[in-house]
Amino acid sequence: MKKVIASLAALTPLFALAHPGHGETEGYTIIHYFTEPQHLLVTLGVMVLTTVFVVKERRKKQS
């Protein structure tokens, strides 16, 4: 598991996406994160992975 986490951490820069919008409209606000699809996709992906990991760990502890 440590190797997987280390590999994902090393690959993190490859997943970085730059896009216009930061500071261009109404300054730096939280609205940007709710209106840009790039942020939504990353947020949903992290939520799904976290849920899968938590469920997997709970099932592992129960058996």
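Rules of the game
All residue numbers refer to positions counted from 1 along the written sequence of the respective chain. For this predicted model, a pLDDT threshold of at least 70 governs which residues receive local features, and a threshold of 80 or more governs which side-chain atom pairs are given and counted, while totals over whole chains, interfaces and linings are taken from all residues. Side-chain metrics rest on all non-hydrogen atoms present in the structure, leaving aside hydrogens and water. Secondary structure counts use DSSP, requiring at least four H or I residues in a row for a helix and at least two E residues in a row for a strand, with both numbered from the N terminus. Three labels apply to residues, based on accessible area from a 1.4 Å probe with only protein chains included: buried if under 20% of the type maximum, exposed if over 50%, partly exposed otherwise in between. One confidence number per residue, pLDDT, is output by the predictor and ranges from 0 to 100. Patch membership requires over 30% relative accessible area and the absence of a salt bridge. Like charges are linked within 9 Å, and nonpolar side chains (Val, Leu, Ile, Met, Phe, Trp, Tyr) within 5 Å. We get accessible surface area from the Shrake-Rupley algorithm with a probe of 1.4 Å; when it comes to residues, only the shown protein chains can shield them. For this analysis, a salt bridge means a side-chain nitrogen from Lys or Arg found within 4 Å of a carboxyl oxygen belonging to Asp or Glu.

Novice: Got a sec to walk through the overall build of the protein? Specific residues and values, please.
Specialist: Helix and strand counts for the protein stand at 3 helices and 0 strands. Starting at the N terminus and ending at the C terminus, the protein contains elements arranged as α-α-α. Evaluated residue by residue, the protein yields a buried proportion of 6% over its 63 residues.

Novice: Help me get a handle on the confidence of the model for the protein, residues and values and all.
Specialist: Per-chain confidence: the protein averages 81 in pLDDT, with 84% of residues scoring 70 or above. The lowest-confidence element of the protein is helix α2 (residues 31-35), averaging 74 in pLDDT; the highest-confidence one is helix α3 (residues 37-62), averaging 90.

Novice: Break down a nonpolar patch on the surface for me, with residues and values.
Specialist: A surface patch of nonpolar side chains, about 570 Å² in accessible area, is lined by Met-1, Val-4, Ile-5, Leu-8, Phe-53 and Val-54. Broken down by secondary-structure element, the contributors of at least two residues to the nonpolar patch are α1 (2-11) and α3. Of all the elements, α1 adds the most residues to the nonpolar patch, at 3 residues.

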